[in-house]
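What follows is the residue order along each chain.
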Amino acid sequence: MTASGSGTTLLVIAKEPVPGRVKTRLVPPCTSEQAAALAEAALADTLHAVLAAPARRRVLVLDGEPGPWLPPGFEVVPQCGGGLDERLAGAFAAVTGPALLVGMDTPQLTPGLLTVDWEDTDAWFGPAADGGFWGLGLRVPDAALIRGVPMSTADTGAVQQARLQAAGLRVADLPRLRDVDTAADAVAVACQAPLTRFAARTRELAPVLGLAVPAGPADAACAQP
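What you see is a predicted model, and the numbers here were worked out from it, not measured in a lab.

### A short note on the overall build of the chain
Working step 1: Helix and strand counts for the chain stand at 6 helices and 7 strands.
Working step 2: A compact globule built from 225 residues should have a C-alpha radius of gyration of about 17 Å, and the chain, at 17 Å, falls within 12% of that.
Working step 3: Oriented by its inertia axes, the alpha-carbon framework of the chain measures out at about 50 × 35 × 35 Å.
Working step 4: With 225 residues in all, the chain has 49% of them scored as buried.
Working step 5: A sequence separation of at least 24 residues applies to 64% of the contacts in the chain between residues at least 6 apart.

Next comes the structure, spelled out in structure tokens:
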């Protein structure tokens with residue numbers, strides 16, 4: 001990737017971090033309030049990474065209402081109804097020109113990961129370790145490329161990538177990242193990005209999570225699978 005992403009619209013699709021509506025797989029061991037606090041930290045980290053990346057527009061596609069976690073510099077639009085594929089398709093349908101969409105489950109995102117070059121590429125694909133995907137970029141947004149892809153399955157990413165390739169698009173890969181869904185995910189991501197808001201909140205909740213939260217990548221515990 002080269003630093004030529006200033007013509008890209010960066011989209012973040014997210015839920016308002018309300019207890020009981022986010023990070024439900026962390027309950028237990030967390031309470032709904034603690035899980036929502038982790039979700040809020042992850043969302044804040046994601047938004048600040050987007051804010052620091054070059055972009056033509058920065059758009060938060062939100063299910064819920066903005067809160068104090070939202071920094072200035074974003075347009076906020078509501079998510080459409082339907083399943084996740086419909087909501088992702090709707091996010092792309094709302095913009096024109098090159099766009100890169102990410103979720104709120106990868107607080108280890110950096111501005112560099114969000115800076116993409118479209119010179120020889122029609123689509124960017126960021127696979128997730130659980131078989132899904134954390135990022136999807138389209139030079140020409142087309143909702144039909146996403147609508148109907150089965151979501152939240154072990155082969156979601158493979159199906160989405162195959163859809164892009166079947167359309168004849170030149171697809172470039174972004175690095176594989178780990179989504180935060182479970183307590184083990186939270187610890188692993190906090191270790192990878194120890195200076196984030198998410199890592200700080202995860203360390204606070206270490207006794208609840210039941211796992212040691214390393215202070216940083218140099219910690220020997222970070223080497224554990």
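### Quick look at the pattern of salt bridges
Working step 1: In this structure the tally under the stated criterion is 10 salt bridges.
Working step 2: Between Arg21 and Asp63 there is a salt bridge, and its shortest N-O distance comes to 2.9 Å. In this pair, Arg21 sits in the loop between strand 1 (9-15) and helix 1 (32-52) while Asp63 sits in strand 2 (residues 57-63), placing the two residues 42 residues apart along the sequence.
Working step 3: Look at Arg21 and you get partly exposed, because its relative accessible area is 35%.
Working step 4: The partly exposed category is assigned to Asp63, whose relative accessible area is 25%.
Working step 5: Here Arg139 and Asp122 are joined by a salt bridge, their closest N and O atoms 3.4 Å apart.

### A short note on the layout of surface pockets
Remark: the empty space left among the atoms is shown by a probe the size of a water molecule rolled over them.
Working step 1: What the largest pocket holds in volume is close to 890 Å³.
Working step 2: Taken together, 30 residues line the largest pocket, and the ones lying closest to its centre are Leu84, Asp105, Ser152, Asp179 and Asp181.
Working step 3: Its residues placed into classes, the lining of the largest pocket shows 12 nonpolar, 9 polar and 9 charged.

### Thoughts on the nonpolar core
Looking at soluble globular proteins, one finds that nonpolar side chains tend to be buried together.
Working step 1: Formed by 29 residues in total, the largest nonpolar core has its most connected members in Val12, Leu60, Leu109 and Leu114.
Working step 2: For this core, the secondary structure elements donating two or more residues are strand 1, helix 1, strand 2 and strand 4 (99-102).
Working step 3: The dominant element in this core, judged by the number of residues it contributes, is helix 1, at 6 residues.
Working step 4: When residues no more than four places from it in sequence are discounted, the contact partners of Leu109 are Thr46, Ala49, Val102, Leu114, Trp134 and Leu177.
Working step 5: With 22 residues, the next largest nonpolar core counts Ile13, Leu88, Ile146 and Leu164 among its residues.

### What to know about helix 4 (residues 183-192)
One full turn of an α-helix is made of 3.6 residues, so residues set three or four places apart face in the same direction.
Working step 1: For helix 4, the tally of buried residues reaches 7 of 10 residues, placing the bulk of the element in the interior.
Working step 2: Contact partners of the buried residues in helix 4: helix 5 (197-204) and helix 6 (206-209).

### Re the packing of aromatic side chains
Working step 1: On inspection of all chains with the given rule, the structure shows 1 aromatic pair.
Working step 2: The interplanar angle of 45° and the centroid separation of 5.7 Å between the aromatic rings of Phe125 and Phe133 together place this pair among those described as tilted. Accessibility assignment for this pair places Phe125 and Phe133 in one class, buried.

### Here's the deal with the side chain of Thr121
Working step 1: Its place among the elements puts Thr121 in the loop between strand 4 and strand 5 (123-127).
Working step 2: For Thr121, a relative accessible area of 9% translates into the label buried.
Working step 3: Those residues in contact with Thr121, other than ones at most four positions away along the chain, are Arg139, Arg170 and Ala172.

### Things to note about the packing of helix 1 against helix 5
Working step 1: Contact geometry for helix 1 and helix 5: axes closest at 8 Å, N-to-C directions at 160°. The angle between helix 1 and helix 5 places the two elements in the roughly antiparallel class. Of the two possible hands of crossing, helix 1 and helix 5 adopt the one that is left-handed. Residues Ala37, Leu38, Ala41, Ala42, Ala44, Asp45 and His48 of helix 1 touch helix 5, and the partners they reach there are Arg197, Phe198, Arg201 and Thr202.
Working step 2: Residues of the contact of helix 1 with helix 5, tallied by class, amount to 6 nonpolar, 2 polar and 3 charged.

Criteria and cut-off values
Each chain has its residues counted from 1, running along the sequence as written. Local features in this predicted model are restricted to residues whose pLDDT is 70 or higher, and side-chain atom pairs enter the listing and the counts only when it is 80 or higher, whereas totals over whole chains, interfaces and linings include all residues. Calculation of side-chain values draws on the structure's entire complement of heavy atoms; hydrogens and water are dropped beforehand. Strands are runs of DSSP state E lasting at least two residues, helices are runs of H or I lasting at least four, and both sets are numbered from the N terminus onward. For the radius of gyration, the atoms used are the C-alpha atoms, and the globule rule reads 2.2 Å times the number of residues raised to 0.38. Only protein chains enter the accessibility calculation, which uses a 1.4 Å probe; a residue whose area is less than 20% of its type maximum is buried, one above 50% is exposed, and one in between is partly exposed. Contact between two residues is taken to exist if any of their heavy atoms lie within 4.5 Å; hydrogens are not considered. Each salt bridge in this description consists of a side-chain nitrogen of Lys or Arg and a carboxyl oxygen of Asp or Glu lying within 4 Å of one another. A cavity here means a set of points on a 1 Å grid, drawn over the protein atoms and nothing else, where a 1.4 Å probe fits but cannot get out; a pocket is an open set with protein on both sides within 12 Å along at least five of seven lines, and a residue lines either one if it has an atom within 4 Å of a point. Grid points are joined across faces, edges and corners, and a volume is the space filled by probe spheres set on the points. Residues are sorted three ways: Asp, Glu, Lys and Arg are charged, Ala, Val, Leu, Ile, Met, Phe, Trp, Tyr, Cys and Pro are nonpolar, and all the rest, Gly among them, are polar. Here, nonpolar core refers to any group of buried Ala, Val, Leu, Ile, Met, Phe, Trp, Tyr and Cys residues whose side-chain atoms link them within 4.5 Å. Two rings belonging to Phe, Tyr or Trp (six-membered ring only in the last case) form a pair when the distance between their centres is within 6.5 Å. Interplanar angles under 30 degrees mark stacking, angles over 60 mark edge-to-face geometry, and anything in between is tilted. Comment: axis = line fitted to C-alpha atoms, over the contacting stretch for helices; angle = value between 0 and 180 degrees taken between N-to-C directions. For classification purposes, angles smaller than 35 degrees are called roughly parallel, those larger than 145 roughly antiparallel, those between 65 and 115 roughly perpendicular, and all remaining angles oblique. By definition, any crossing whose near helix is turned counterclockwise from its far helix by less than a right angle is left-handed, and any crossing with a clockwise turn is right-handed.

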